[in-house]
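Residues per chain, in single letters:
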Amino acid sequence: MSTAAPVLFSLPAPRGPARPVKPRTVLSYGLGADSTAILLMFLEDPARYGLEPDLSDLIVLHAVTGNEWPDSLSYVDRFVLPLLAERRVRVVQVARMGRSDSDGVLVLDDSRATRRIHQAGPWRLSDWLLTGGTVPQMASGRRTCSIRFKGWCLDHWAFAEFGQETFRRVIGYHAGERPRMEKDSKIQDRLNEKAGRVICEPSYPLVDAGMDRAAVEAYVLQRLGEPIKKSYCTFCPFSGVCASRDRHEDRLREHPDLAADALAMEYASMALNEPMSLYGTRSLYQQLAEDERNDAVLTAFEERLDAAPFSLYEVRRLYLPGRTKDCRRHHGTRCPRPRWWCRTERTTACRRAHSSYEMGDDDERTELAPQCAGLDAGCRGDQVKGAAWRSVRTVWEGSRLEAEFTLLDWSREEGVRLRHGERSQIKRLHYLDRGEGYPAAEAYLVAAPSGADDKNRDSFERRWVEITGLIGTRWDPIRPLVRHPLSRGSRVVPVIRPSGVTRVPALEAA
C-alpha cells in the first residue's frame, strides 16, 4: 500500500533562461537610392541583418512631404512595392495633419500589400512655406524641412506605436556621409540618456558595408534593372549647388508645372525679403535663365504668375543689435537689452551687471564710471548684427496686373519712386529706408502671389515704436480680403487629438 501524499496540482516543468525579446526594426524609407538599397539587402538575406526570415519584424516607414518628384513615386510603385507586397512586409505612410504640432500625425496607409506611395497628405511642406512667405533655409545648417516633415512625423508615429518598447531604427546614410551618421548617432544617444533607457537603437547598414553613393546606385541598378533618381523635394535648396545641377534642371524641364511652382514660391519669398532666394546668393530663376533650354520653364512660370491671385503686402522689418564679445563678458549668458555700451545710454540692467572704477584726474567728472563706458580701448569695436524681426500685412488683393497698377498709383500718391530689387527686379514702394548700424528699420509695399499669412510677434509693435517713433502701419485694407485655401483637401476629415496619431488608411489625398 502506497503512502505517497496525494498530488493537489502539477508543477510546471523547469524552464531555461528567458530569451531576450528582439526589438522590431523600422527602416526610415525616403524613396531614394540609399534606403532602397537597404530594403533590397534585407529582402535578399534577412538573417544577415538580424531580421526574422519572414520579415515579420520589419516595418518600412515613409513620411509623405507632399512635394516629391512624380518619377520617384512611380519608380517605387513599379519596382519596390511589388517586392514588399510579395513578402508581406509592413509599410506605413504618415504625414502632418496641419501646421501645428498639436494637429498630430495622419496615417495615410498601414498595410502588408501596399500598392502605391501617397503623393500628399493634408498639410504639405509647400503649404507651410507658402503661408510663411519663404523658401527652405540652408544657411542655418539645420535641415528644418526634414525635421518638421520627416523626422517629427517618424518619431511621433514610432513613439505612439512602440510605447516603452525598444526598437531599432535603420537610416540610409551611405559611407560618404559618415559625419551625418555620427551626428545622428549622438542625437539618439542624448535622447536615450534623457529618457533613462534605450528608446531607439540606430543602425547604418550602408556605412557598415562601406558602400558610397556610386556603389549604392550600382547595386540598385543591378537588382532592379533601371537607374534610380535622387529623391528630394522639387524646390530643395541643395539641388542647385551640388554636382547634380544638370540632372536637376533636366528634371525641371520634364515637369514644367512643378518648376513653375518652385519659381513662384521663390518669387513670393524674394518679394517679402530680397535676399531670400533658393540658393543663397543666387536664385533658381537666375540659374535657369542662363540656359536657353529652360525657356519653356520660364514661360510656364510667367503664365503661373499671371493666373495666380496677387496681394499687396506691407512689410516692416526691424534689424536688432546682436551681442558683442564685451557684452557676453560683462553680462554672461543673458542680457535683456544687448547694446554696444560705449555708444548708448546705460540701462538699469547694465548698471547692475557692471562694476565701476574711479575715472582719471584728467577727466572733469569725479564719480565712478562703468568699465564699459567706452573709456577703455578694449571696450570699443564694431557693432554686431542680431535678429531680424518681420511684420507682414495683406492690404489689397486682386489680379497680378491690378496689383502692379495699384502699386504704381500708390507710389504716385506718396511721391515715392518705385525701386527694383537687385537680383529679383521686383518693384517695391519704400516709405521707410533702413539706416546705418543697429537697431535699424525699413518698411515697404510689394506685390506678390497671395497666400502668405499676416503675422508679427507680440512685441513687434512696441519695439517698432521704440526704434522708429512711428505708430501702427501705413495702409488699411481697402478691399474685403478673400482667403484662398492652400490645402488640397480630402474626403476624410478626422478628429485630431493634440498628441495622438490619427489613422485613416482610406484617405484619398490630392
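A brief structural summary. (Residues numbered from 1 in each chain as written. Predicted model: local features only at pLDDT ≥ 70, side-chain atom pairs only at ≥ 80, totals over all residues. Heavy atoms only, no water.)

Along the backbone of the protein chain there are 15 helices and 14 strands. The 510 residues of the protein chain split such that 46% are buried. When the accessible surface of the protein chain is totalled, it reaches about 27300 Å², and 51% of it is carbon and sulfur. (Helix = DSSP H or I, 4+ residues; strand = E, 2+ residues; numbered from the N terminus. Buried < 20%, exposed > 50% of the residue type's maximum accessible area, 1.4 Å probe, protein only. Areas by Shrake-Rupley, 256 points an atom, 1.4 Å probe, with all protein chains shown as cover.)

This part takes up the packing of helix 9 (residues 256-272) against helix 11 (residues 295-307). Where helix 9 contacts helix 11, the two axes come as close as 8 Å, and the packing angle between them is 60°. Taken as axis vectors, helix 9 and helix 11 run oblique relative to one another. Note that helix 9 runs across helix 11; the crossing there is right-handed. Between helix 9 and helix 11, the contacting residues are Pro256, Asp257, Ala259, Ala260, Asp261, Leu263, Ala264 and Tyr267 on the first element and Val297, Leu298, Ala300, Phe301, Arg304 and Leu305 on the second. Taken together, the residues of the contact of helix 9 with helix 11 sort by class into eleven nonpolar, no polar and three charged. (Axes fitted to C-alpha atoms, helices over the stretch in contact; angles between N-to-C directions. Parallel < 35°, antiparallel > 145°, perpendicular 65-115°, else oblique. Left-handed = near helix turned anticlockwise from the far one by under 90°. Contact = heavy atoms within 4.5 Å. Nonpolar A, V, L, I, M, F, W, Y, C, P; charged D, E, K, R; others polar.)

What follows concerns the side chain of Gln188. The topology assignment puts Gln188 in helix 5 (residues 178-195). Every residue in contact with Gln188, bar those within four places of it in the chain, is listed here: Arg169, Cys200 and Pro202.

All right, on to the environment of Ala300 then. Inspection of the secondary structure assignment puts Ala300 in helix 11. Along the backbone, Ala300 and Asp261 are 39 residues apart, and their C-alpha atoms lie at a distance of 9.3 Å. Not counting chain neighbours up to four residues away, the residues in contact with Ala300 comprise Pro256 and Ala260.

Next up on the list: a positive patch on the surface. Together, Arg143, Lys183, Lys230 and Arg247 give the surface a local cluster of positive charge. Among the secondary structure elements, Arg247 is positioned in helix 8 (residues 245-254). (Patch = residues over 30% accessible without salt bridge, like charges linked within 9 Å, V, L, I, M, F, W, Y side chains within 5 Å. Salt bridge = Lys/Arg side-chain N within 4 Å of Asp/Glu carboxyl O. Lys, Arg positive; Asp, Glu negative; His and termini not counted. Charge placed at Lys NZ, Arg CZ, Asp CG, Glu CD.)

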